[in-house]
Amino acid sequence: MNYKEDFLYKPRHFKSIESWKDVTEKEWYDSKWQLKNIVTTVEELERIIKLTPYQVEELNKTFEELKHSGIRPMRITPYYASLMSYDPFHPEMLPGEKSMKRLDPIFWQCVPTPANLLFPNTGKERAMEETSRSFGIAYQRYPNRVALLVAANTSCASYCVHCQRVKSFEGVIDINLNEINKGLFYVSYNKNIDEVLVTGGDALMISQERLRYILEELSRIPHLRVIRIATRVPVVLPMAITDELLELIKISANKHSNGIEKYVYFMTHINHYHEITKDLADAIKKIREYGFTVRNQTVLLNHVNDYYKTLAETFRRMFWIGVHPYYLLQCHKEKGIAHFITPIQIGKIYIRHLQGWLSGVAKPVYAANVEGGGGKILLMPSGHNTLNTFDSLEDRISESYATVYTWDGREIYQYEALGRASREEFDEAVYIMDKFIGRKGVFLPKIIIVDEDGNHIETTNRSKLPVISNIKKSELLGYELNDVNMPLINPALIENELNELYKNSIYSKYGSSL
Ligand code: SF4
């Protein structure tokens, strides 16, 4: 494959999947049909991917247990489900991407496995308290911006297993008109607010009437300059990005604004290049044709995109379809998803590796959301001072905690990114998952091992990244070096040779009359 011309991921055609072999193109590309045919059970999954009887049994047990604790286990649009490899335990990945040690990245993002019942100890930080800084649906962590939680946390078209907003049966906030009006009032009352994030759940999963109402009301607020719409719809349900919807957003977001128009942009959530398909590219093209910018937040996920080649492919491919990588976010530490977390130090090293190969606009800012309302803290590679005691990132790539600083100068000493477990709990978890996956060496969670008093003993799977030469990196990243004798970054290295060649080339004969 010439990746530059043909870089869009090609999923299985839906007609080749047992469940949808009789579905027409018209039905498949109808978002209402997609939502009516959401995949929620293991039985339905069995008709989409290959599962052994043991895996089926384990998934059923997991789903039952999650339901028992009040969590909706799974919800996947047929479109997003079709992105999974038929055998999610042996996916085909790019050369050099450690495919033998990989699981299907879409499967891991949308199907809860026994891993979701492991590692309940999330350590020191608590879950973000959405209501503690709220007025109605307005949630504020920064002086000039608020999030408007317009959609219930169960509203998303597909549920992400790594989601910080656990899909409980109760929901978090009752999104009724009174709460919406209180939020709108707050934005209009607080003249410091110049940007709102319209989010949920998923901002585009609410009714069009409600979306129109909210945007029109926002358009009346003179001090508001920017409206950001947070949605994963383009990724999991691209057929819902219709002209009708985009027209509605375009008109209502500026319906009552006087003078300079409000700037509207979309914030989406792409985590892996397998999500970058022709259908996504078409949806993004359509959004951009209406004049909206699209930015992306990627979550750094162990077992999904925790490798710099995967990150590089994901960022540059999204950039090639017109989506700007904006944040690479540290995964939240919540009960049941600790196995998704990658140590901060590893994320920093990946970002540093990517520096030379992705231009600034194609490379996101690495950050973590601090639980309890601290906001985002930057975790950039140069930030040696964010480590607690050690001077070299490379020597401490799997250290379990770091001292971090919030934007308003609060120091969080020993900010702990990873979950905790005793040695026995960890060994048992790996045993369970090796058996579920069917082979060893794939499930490699990074967990802080503690003794019975909670003292840190070690971090699991500490490994140093090898030293990688630039030539090796170019190979790994799929850059075609047509001439390996050419310098990668500095032509002056072969200046004498170039001068000779230049003298004899046609370029030296060109006139200078410009
Ligand atoms: S789309 Fe966002 S809010 Fe919805 S499940 Fe995924 S991460 Fe959570």
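Definitions and limits used
Residues numbered from 1 in each chain as written. Predicted model: local features only at pLDDT ≥ 70, side-chain atom pairs only at ≥ 80, totals over all residues. Pairing = 2+ DSSP bridges. Helix = DSSP H or I, 4+ residues; strand = E, 2+ residues; numbered from the N terminus. Contact = placed C-beta atoms within 7 Å. Axes fitted to C-alpha atoms, helices over the stretch in contact; angles between N-to-C directions. Near = placed C-beta within 6 Å. Nonpolar A, V, L, I, M, F, W, Y, C, P; charged D, E, K, R; others polar. Parallel < 35°, antiparallel > 145°, perpendicular 65-115°, else oblique. Left-handed = near helix turned anticlockwise from the far one by under 90°. Core = buried A, V, L, I, M, F, W, Y, C linked by C-beta atoms within 7 Å. Buried ≥ 20, exposed ≤ 12 C-beta atoms within 10 Å, placed from the backbone. Expected span 1.5 Å × (residues − 1).

**With respect to the sheet that holds strand β1 (residues 134-135)**
With mixed pairing, the ten strands of this open sheet are ordered in space as β1-β2-β3-β4-β5-β6-β7-β8-β9-β10. Here the strands that pair on one side only, and so sit at the sheet edges, are β1 and β10 (375-378). Two strands pair when backbone bridges link them, and strand β4 (residues 195-199) and strand β5 (residues 226-230) are joined in this way by four bridges, in the parallel orientation. If you follow E195 over to β5, its bridge partner there is V226.

**Re the environment of Y265**
If you trace the backbone, Y265 turns up in strand β6 (residues 263-268). If sequence neighbours within four positions are ignored, Y265 has contacts with R228, F292, T293, V294 and R295.

**Details of the sheet that holds strand β13 (residues 419-421)**
Backbone hydrogen bonds hold the strands of a sheet together, and the pairing may be parallel or antiparallel. An order of β13-β14-β15 is seen for the three strands of this open sheet, with the pairing classed as mixed. The two strands at the open ends of the sheet, each matched to only one other strand, are β13 and β15 (456-459). Shown here is a sheet whose adjacent strand axes are inclined to one another by a mean of 35 degrees, direction ignored. Bridge count for strand β14 (residues 447-450) against β15 is three bridges, and the pairing is antiparallel. Its bridge partner lying in β15, I449 is registered against E458.

**Regarding the site of the ligand**
All residues in the neighbourhood of the ligand are listed as C156, Y159, C160, C163, R165, G201, D202, R232 and H269. Among the residues making up the shell around the ligand, the classes are represented as four nonpolar, two polar and three charged.

**What to know about the packing of helix α12 (residues 308-320) against helix α13 (residues 344-355)**
One way to put it is that α12 packs onto α13 with a least axis distance of 10 Å and a crossing angle of 55 degrees. As far as their axial angle goes, α13 and α12 are oblique. Handedness of the α12/α13 crossing: right-handed. Between α12, through Y308, L311 and A312, and α13, the contact on the second element is made entirely by Y350, H353 and L354.

**Details of the nonpolar core**
Counting 119 residues, the largest nonpolar core has C110, L148, V150, V198 and I229 as its most contacted members. With near-sequence residues (within four places) excluded, L148 lies in contact with I137, A138, G183, V196, L197, V198 and T199.

**As for helix α11 (residues 278-289)**
The terminal C-alpha atoms of α11, which comprises twelve residues, lie 16 Å apart, in line with the 16 Å expected from a rise of 1.5 Å per residue. Residues D279, L280, A281, A283, I284 and I287 constitute the buried set of α11. Residues of α11 that are buried in the fold lie against α5 (78-81), α9 (233-236), α10 (243-252), β6, β7 (293-300) and β8 (323-330). G291 occupies a position one or two residues after α11 and carries a positive phi of about 90 degrees.

The values are spatial; any link to function lies outside them.
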